[in-house]
Amino acid sequence: MSRISSADFPPDFLWGASTSSYQIEGALDADGRGPCVWDTFAAAGKIQDGSTAAGACDHYHRWREDVLLMQQARFNAYRFSIAWPRVFPTGRGAVNERGLDFYDRLVDGLLAAGIRPMACLYHWDLPQPLEDRGGWLGREVIGPFADYAVAVTRRLADRVKDWMMLNEPNVVAIFGYGLGDHAPGHTLGEVGILKALHHQNLAQGAALRAIAAAHNGLTLGTVLNLSPARPSSDRAEDAAAAAMWDAVWNRTSLDGVLRGRIPPLLAERMAGFVLPGDEAAIRFPIDLLGINYYSRSTMQEVKGRPFDVGWGDPHCDRFTGMGWPVQPDGLYDLLLELKTAYGNPATYIAENGAAYDDQVAADGVVHDAERVRFIEDHLLEVARAARDGCNVTGYLCWSLLDNFEWAFGLSKRFGIVRVDYDTFERTPKDSYRFISEVIRGRES
Ligand code: BGC
């Protein structure tokens, strides 16, 4: 018997799942798609299990089945991302309408199934030709991103009302430009991280303004990975490390869009590339903020790493298959802080979930009790935050399907539906049935 049901959440709450184009679509050569930075990264042998996203979940061809799975789970919302290199194969120039045709079909399918499509414009598949011109390290990418936003909304905004600009600009900047674990694999440290963050903020601001100028009545927003930062000990150095990490991980994006502010702790480091007018340009009165929450960040001073910060002992006894601590109350803290310090913006959980070492039982099913408990524990915190007045409007789990987990390839499974990567067969896990029961509510 679940400890939570949809009756514990506000009316009209959004229930569903999130995915991203590169992680599920496959069909990387279909219909004129161009190369992206992750294709290059994988071709360079940077994916730990040697896999690529060439097949992924073959969602490009099996999307009807995936929509049906969502409908059968009673989902009323779905966040997916649009692949920039399908729409602009070289990142700019002429629109590739065949690339947009795919999303056109998907959106119609979702609407017919009673599922609200929530589109994200950028979930990390930067067209390689734009990376070749500096990617997020420079300003050249800003115009093409705004043009892309306009092209996509011109085609789909008659049916898609919810538009998210970016997904986790901090992760792109830190792992893609600072540490090198993600595409495009730069190890530029602090300067790479801060430049990539700032230019994503600028591109986001430009895209939001361009869409708002062209359309009325849309819900405009973005998706941030937020993680309350705590020191790993009571040493002053670790407290300073946590404050610095908070500025880098959380505030650059959050204060950028909501307050038009560069975090004071970083102002000096960013002075060389923040121009007059930038702070106004990155601010925008968004309608909806998506939050991806996985865990808290417990930080310590580590000399020699960017910002002299590294992850410390989280003092936790539960971990996911990624080795991430399970800390559901961090999600409550986060929502409460948005309420008290940021004016209680409309937010939804755009990602929350866990990879575990799933086993297929003799009955062919994955009885993923740990994932069920993870989701239930986080839902309890979301419900508590809603009861305490936080303006939280939905919960989309990560992820609908097992998928291509970036540098981990196909080795980490986050889905509530298992995918057999040889046959592409989908098998709902217990967590899928659990969410469906929660949505159905107490009357069931
Ligand atoms: C990303 C997803 C990713 C998930 C699990 C988030 O950072 O948005 O693309 O698969 O976390 O690592």
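Above this text is the structure in question.
Below, the structure is looked at part by part. (Residues numbered from 1 in each chain as written. Predicted model: local features only at pLDDT ≥ 70, side-chain atom pairs only at ≥ 80, totals over all residues. Heavy atoms only, no water.)

1. With respect to the nonpolar core
Then, number 1: Counting 139 residues, the largest nonpolar core has Trp38, Ile82, Trp84, Trp136 and Trp163 as its most contacted members.
Then, number 2: Here the element with the most residues in this core is helix α10 (residues 236-259); it accounts for ten residues.
Then, number 3: In this view, isoleucine 82 contacts Ser21, Val87, Tyr103, Ala119, Cys120, Leu121, Asp125, Tyr148, Val152, Leu156 and Trp163; residues no more than four positions away in its chain are not counted.
Then, number 4: One finds Met118, Met164, Val223 and Leu396 within the second-largest nonpolar core, a separate group that totals ten residues. (Core = buried A, V, L, I, M, F, W, Y, C linked by side-chain atoms within 4.5 Å. Buried < 20%, exposed > 50% of the residue type's maximum accessible area, 1.4 Å probe, protein only. Helix = DSSP H or I, 4+ residues; strand = E, 2+ residues; numbered from the N terminus. Contact = heavy atoms within 4.5 Å.)

2. Observations concerning the side chain of asparagine 225
Then, number 1: Tracing the backbone through its elements, the reader meets asparagine 225 in strand β5 (residues 219-225).
Then, number 2: A polar contact of 3.1 Å, which involves the side chain of asparagine 225, links it to the side chain of glutamate 168.
Then, number 3: Residue contacts for asparagine 225: discarding those within four places in its chain leaves Glu168, Asn170, Val171, Trp249, Asn250, Asn292 and Tyr294. (Polar contact = N/O pair within 3.5 Å; in protein donor to acceptor, adjacent residues only side chain to side chain.)

3. Focus: the site of the ligand
Then, number 1: Taken together, 13 residues are adjacent to the ligand, and Gln23, His123, Glu168, Glu351 and Glu405 come closest.
Then, number 2: For the ligand, whose free accessible area comes to 310 Å², the fraction covered by protein is 95%.
Then, number 3: Taken atom by atom, the bulk of the ligand overlaps the largest pocket.
Then, number 4: Tallied by class, the residues present in the shell around the ligand amount to six nonpolar, four polar and three charged. (Near = heavy atom within 4 Å. Areas by Shrake-Rupley, 256 points an atom, 1.4 Å probe, with all protein chains shown as cover. 1 Å grid on protein atoms, 1.4 Å probe; cavity = no way out; pocket = protein on both sides within 12 Å on 5 of 7 lines; lining within 4 Å. Sits in = over half its atoms within 2 Å of the grid points. Nonpolar A, V, L, I, M, F, W, Y, C, P; charged D, E, K, R; others polar.)

4. Thoughts on α10
Then, number 1: Over its 24 residues, α10 runs only 28 Å from end to end, short of the ideal 34 Å by more than 12%, given 1.5 Å per residue.
Then, number 2: The largest bend in α10 comes to about 55°, at arginine 251. (Expected span 1.5 Å × (residues − 1). Bend = angle between axes of the 7 residues up to and from the residue.)

5. Considerations on the pairing of strand β8 (residues 297-301)
Then, number 1: Taken together, the three bridges between strand β6 (residues 229-231) and β8 define a ladder with parallel strand orientation. When the sheet's bridge partners are listed, arginine 230 is paired in β8 with threonine 298.
Then, number 2: Taken together, the three bridges between β8 and strand β9 (residues 309-311) define a ladder with antiparallel strand orientation. Note that in β9 the partner of methionine 299 across the bridge is tryptophan 311. (Pairing = 2+ DSSP bridges.)

6. Points about the pattern of salt bridges
Then, number 1: Summed over all chains, the structure comprises 41 salt bridges.
Then, number 2: Note that arginine 79 is salt-bridged to glutamate 351, the shortest N-O span being 2.6 Å. Placement of arginine 79 in strand β2 (residues 77-81) and of glutamate 351 in strand β10 (residues 347-351) is noted, with a sequence separation of 272 residues between them.
Then, number 3: Residue classification places arginine 79 among the buried residues on the basis of a relative accessible area of 0%.
Then, number 4: Exposure remark for glutamate 351: the relative accessible area of 3% places this residue in the buried category.
Then, number 5: For aspartate 238, the salt bridge is made with arginine 235, and the minimal N-O distance between the two is 3.1 Å.
Then, number 6: On the basis of relative accessibility, which here comes to 2%, the residue aspartate 238 falls in the buried class.
Then, number 7: It is possible to trace a salt-bridge network through shared partners that takes in Glu97, Asp101, Asp104, Asp108, Arg155, Asp158 and Arg159. (Salt bridge = Lys/Arg side-chain N within 4 Å of Asp/Glu carboxyl O.)

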